[in-house]
Amino acid sequence: MASKRLGTAAALALVAAVVPLASTGAGAAPPDDVVPGAWIVTVAAGVAPHEVAADHGRRLGAEVSHVYGHAARGYAARMSSAAAAKAAGDPRVAAVVPDRYVHTAAKPAGNTTQPPQLPPTGIDRVYVDAEPGLDLTGPAVAVIDTGIERHPDLNVVGGYNCSTGSSWNDGNGHGTHVAGTIGAKNNTSGVVGVAPGVPLYAVRVLNNAGSGTWSSIICGINWVKANAVAKNIKVANMSLGGGGSDTGCDDGGLHRAICDADDAVTFVVAAGNESDDAARHVPTAYDEVITVSALADFDGKGGELASSTCRTDRDDTFADFSNHGTDVDIIAPGVCIRSTWKGGGYNTISGTSMAAPHVAGAAALYLAHNSAASVIDVRDALTRTATSDWNNYDDRDAVKESLLKVDTL
């Protein structure tokens, strides 16, 4: 009975758990991204997650960290492999899978001394024939990341903490940077975002080092799903990821959570920075998300006209670090992007983490004028109006990503 409810990865991890993690035997240790002794348990339809979590805590010694009532309904906990196997045998349980590590999709910080840019080069590049408009009042965007600082250039209206610490405030800087590209105010100071002044919710799922787990991200997705209607959250940006592949909505983990929430929220994710096929990484490989690769652009204009600044990439080409492949939906600027930073300042960094929020901001703009649009409608609108006006000869695939263009949304 138990083996039928364990995902493939979970079953392998249970077998491997009896072997010391230092073992070098073939297949002896679980994958490097598996969190030792940590599990995600999803429950069957009609079952109350809190009741199962409490019961497993008493009977199996499960140390519950999160309970999910809206996305990937179930709980996350630390427990032994034997206890996880018993949990999988519970008829109220749909699946038990290992928790896994994730991290931000940003490159090391670049030149932090550059003067403020109004607008930054990335905003210039996606607003090809126009400029950002007046501050937007809605819908809201959830930044599922390291948190967001209450920066004077941002309209942060609330948040939730699923990670370490006691608040959703940003202890890293990454989430604040992402937030600025999405919606920094059009206030003649600092920088400006794609959707200026859009309400932002800081959903902290990563720690001060920019690391987290599936269980913390599912916690964030669960909170977004639970509050989507009341708080008018229609877009979520996830500039983070880890190893994995598209195993379908019934994976019992991260994919399950996104599938449970994408009826209410458009998820925009960073393709990743491994110069690899995005199909080998999650959540980028999931069909339900909009996956964004990174363009190197140093002047906000088409054509290889500018010299490189904080990195040595070639202007107007595919970023040398960006993941690629048929799972990518669109490309956006992601090299030497200037945006808000913790401490009330600004910073210039690179990564597909910086590309994704350009698209999340564009999704918020589209939804502000098309409130009934579905996730598929948003993806179609963004890709339909995108442009091939970039030098994509060095893209690594036969499929050439179209570049985000905001003007015609």
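Worth saying up front: this structure is predicted, and the values here are computed from it rather than measured. (Residues numbered from 1 in each chain as written. Predicted model: local features only at pLDDT ≥ 70, side-chain atom pairs only at ≥ 80, totals over all residues. Heavy atoms only, no water.)

Attention now goes to the overall build of the chain. Each helix and strand in the chain was counted, giving ten helices and 17 strands. The contacts in the chain between residues at least 6 apart in sequence include a share of 76% that link residues at least 24 apart. For the chain, the computed accessible surface area is about 14900 Å², with 51% contributed by carbon and sulfur atoms. (Helix = DSSP H or I, 4+ residues; strand = E, 2+ residues; numbered from the N terminus. Contact = heavy atoms within 4.5 Å. Areas by Shrake-Rupley, 256 points an atom, 1.4 Å probe, with all protein chains shown as cover.)

Predicted coordinates in areas of low pLDDT are best not read in detail. Residues at a pLDDT of 70 or more form 88% of the chain, whose mean pLDDT is 88. Scored below 50 in pLDDT, residues 1-29 makes 40 contacts in the model with residues more than four places away or belonging to other chains. (pLDDT = per-residue confidence, 0-100.)

One finds Leu-200, Val-292, Val-359, Leu-382 and Leu-404 to be the most contacted residues of the largest nonpolar core, which totals 57 residues. For this core, the leading source of residues is helix H9 (residues 352-369), giving eleven residues. When residues no more than four places from it in sequence are discounted, the contact partners of Val-359 are Val-268, Ile-290, Val-292, Ile-330, Ala-332, Leu-382 and Leu-404. Of all hydrophobic cores here, the second largest spans 37 residues; its members include Val-102, Ala-140, Tyr-201 and Tyr-286. (Core = buried A, V, L, I, M, F, W, Y, C linked by side-chain atoms within 4.5 Å. Buried < 20%, exposed > 50% of the residue type's maximum accessible area, 1.4 Å probe, protein only.)

In protein chemistry, a disulfide is the covalent bond that joins the sulfur atoms of two cysteines. Enumeration according to the criterion identifies three disulfides in this entry. In this model, Cys-162 is linked to Cys-219 through a disulfide, with the two sulfur atoms separated by 2.1 Å. Judged by the sign of its S-S torsion, about -70°, the bond between Cys-162 and Cys-219 is left-handed. Here Cys-162 is found in the loop between strand E6 (156-161) and helix H6 (174-183), whereas its partner Cys-219 is found in helix H7 (residues 214-227), with 57 residues between them in sequence. Exposure class is identical for Cys-162 and Cys-219. Each is buried. (Disulfide = S-S within 2.5 Å.)

In this section: the pattern of salt bridges. One pass over the full model with this rule turns up 18 salt bridges. The salt bridge involving Asp-320 is made with Arg-311; its shortest N-O contact spans 2.8 Å. Its relative accessible area of 37% is what places Asp-320 among the partly exposed residues. Residue Arg-311 is classed as partly exposed on the basis of its relative accessible area of 21%. The structure contains a network of salt bridges with shared partners spanning Asp-55, Arg-58, Arg-59, Asp-90 and Arg-92. (Salt bridge = Lys/Arg side-chain N within 4 Å of Asp/Glu carboxyl O.)

Between H9 and helix H10 (residues 375-384), whose axes approach to 10 Å, the crossing angle comes to 110°. Between H9 and H10, the angle is such that the two are roughly perpendicular. Crossing geometry of H9 relative to H10 is assigned as right-handed. Facing H9, whose interface residues are Val-359, Ala-362, Ala-363, Tyr-366 and Leu-367, H10 presents Asp-377, Val-378, Ala-381 and Leu-382. Here the contact of H9 with H10 is built from residues that sort into eight nonpolar, no polar and one charged. (Axes fitted to C-alpha atoms, helices over the stretch in contact; angles between N-to-C directions. Parallel < 35°, antiparallel > 145°, perpendicular 65-115°, else oblique. Left-handed = near helix turned anticlockwise from the far one by under 90°. Nonpolar A, V, L, I, M, F, W, Y, C, P; charged D, E, K, R; others polar.)

With their axes 9 Å apart at the nearest point, H7 and helix H8 (residues 254-261) run at an angle of 10° to one another. Judged by the inter-axis angle, H7 sits roughly parallel to H8. Facing H7, whose interface residues are Trp-214, Ile-217, Ile-218, Ile-221 and Lys-225, H8 presents Leu-254, Ala-257, Ile-258, Asp-260 and Ala-261. Here the contact of H7 with H8 is composed, by residue class, of eight nonpolar, no polar and two charged.

Moving on to the side chain of Asn-237. Within the secondary structure layout, Asn-237 lies in strand E9 (residues 233-238). Dropping the residues within four chain positions of it, Asn-237 is found in contact with Ala-142, Val-143, Ile-144, Val-178, Ile-182, Val-268, Ala-356, Pro-357 and Ala-360.

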